[in-house]
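Below are the chains, spelled out letter by letter.
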Amino acid sequence: MWAYLIRRGIHSLIVLFIVMSACFCVMRLMPGNFWSLSIGMTEEQIRIANEQMHLFGLDLPIYQQYFRWISELLHGNFGLDYYRTPINSYIWEYVRNSFILLGTSFLIALIIAIPWGIYTSKRQDGISDKLGLILSLIGYSIPVFVLGHWLQDIFAFRLFWFPPSSMHTPSKTGELGDLIYHMVLPVTTITIGLIAYYLKMIRASMIEVLPAEFLNLARAKGVSERRVTYRHALRMALVPMITIIMLDLPTLISGAAVVENVFNWNGLGSLAVSAARTRNYPVLLMSILIISSFVVVANFLADLLYTIVDPRVKLHRKGILRR
């Protein structure tokens, strides 16, 4: 067990190292920079820009810039953005905001999709199953930014039920109730797509698992249908769901970034998009590194969840998941 954890931990660090190295090189080799966005610069502005580039070491060879950045990173220093503000001082607030938005959407989607998927798997072609099919088609067909703009237009600009954007009303910053009020539209936008996807997966997995012989044996022994469904069948149906969820994390994060920009939600995705637009590469690089770390850790935890959900899956002494 410990050998497997150590081996996977090393693999995860190697993946992160490759990702951040590739991103660093690509960003440094891209044409243009933060200061080149200013058109018609005077000679004095050009001189100041050159001094700023020297301050950030952008006039050094790329390998020296890389080792300098790695050295700072190993000491827990994310460096300065091109506005000369320490990135550590604000990036974790954006991470927290993204976690609130994504975590809430994810939990709501699972709470709705799992029981609904179980119900429709037992009552195929019923009204609930057809409604689920319609929702799946909507969730698959409409991009999140289109759905977000539709919800914003209908419920914010026409009906005035919810605020159109931002996280707080200026006079109520920090209040939980006001935060929840502002979360309704962005969370709904993300949740509809997740429910559509997870509902279909849960339904298909349960239809495949329910006729299994070991479940019929449990029924023959007098085990209640509720216990058979929720304790035994659901555990088996969740095994492929774990893989799907973990592999979809990058897509989920990228979709959340779009939603954050639509609703002006101050999350990590919107910060990364803003940094890319202004070519504030230190901020963009740290955003990508944090997102990559989250995805790598999530995939690492997926292997451990297999052993909990499916008792047939064991960690082999060589660190391989086997049944």
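In this text the structure is predicted, and so the values were computed from the model without any measurement. (Residues numbered from 1 in each chain as written. Predicted model: local features only at pLDDT ≥ 70, side-chain atom pairs only at ≥ 80, totals over all residues. Heavy atoms only, no water.)

Asks: Explain the overall build of the protein residue by residue, including any values.
Replies: What the protein contains, in helices and strands, is 12 helices and two strands. When the helices and strands of the protein are listed from N to C terminus, the series reads α-α-α-α-α-α-α-α-α-α-α-α-β-β. Out of the 323 residues belonging to the protein, those deemed buried represent 41%. By sequence separation, contacts in the protein at least 24 residues apart represent 70% of the contacts at least 6 residues apart. (Helix = DSSP H or I, 4+ residues; strand = E, 2+ residues; numbered from the N terminus. Buried < 20%, exposed > 50% of the residue type's maximum accessible area, 1.4 Å probe, protein only. Contact = heavy atoms within 4.5 Å.)

Asks: Would you mind going over the UniProt feature "transmembrane region" (unreviewed entry) in the protein in detail, with residue names and values included?
Replies: Per the UniProt record, the feature "transmembrane region" (unreviewed entry) sits at residues 12–30, 99–119, 131–151, 179–199, 236–263 and 283–309. The span residues 12–30 shows a helical share of 95% and a strand share of 0%, and its end C-alpha atoms are spaced 27 Å apart. Taken end to end, residues 131–151 is 90% helix and 0% strand, and its two terminal C-alpha atoms sit 20 Å from one another. (UniProt positions renumbered as here; feature names shortened; annotations may be inferred.)

Asks: Can you lay out the nonpolar core for me, pointing to particular residues and giving the numbers?
Replies: Among the nonpolar cores identified, the biggest contains 49 residues, and Ile-190, Tyr-198, Met-206 and Met-241 are the most heavily contacted of them. Of all the secondary-structure elements, those providing two or more residues to this core are helix H4 (91–122), helix H6 (144–158), helix H7 (176–209), helix H8 (213–220), helix H9 (225–247), helix H10 (249–262) and helix H12 (281–309). Residue contributions to this core peak at 13 residues, all from H7. (Core = buried A, V, L, I, M, F, W, Y, C linked by side-chain atoms within 4.5 Å.)

Asks: If you had to explain the confidence of the model for the protein to someone new, which residues and values would you point to?
Replies: For the protein, per-residue confidence averages 78 on the pLDDT scale, and 84% of positions sit at 70 or higher. Taken element by element, the predicted model of the protein shows its lowest mean pLDDT in strand E2 (residues 321–322) (48) and its highest in H6 (88). (pLDDT = per-residue confidence, 0-100.)

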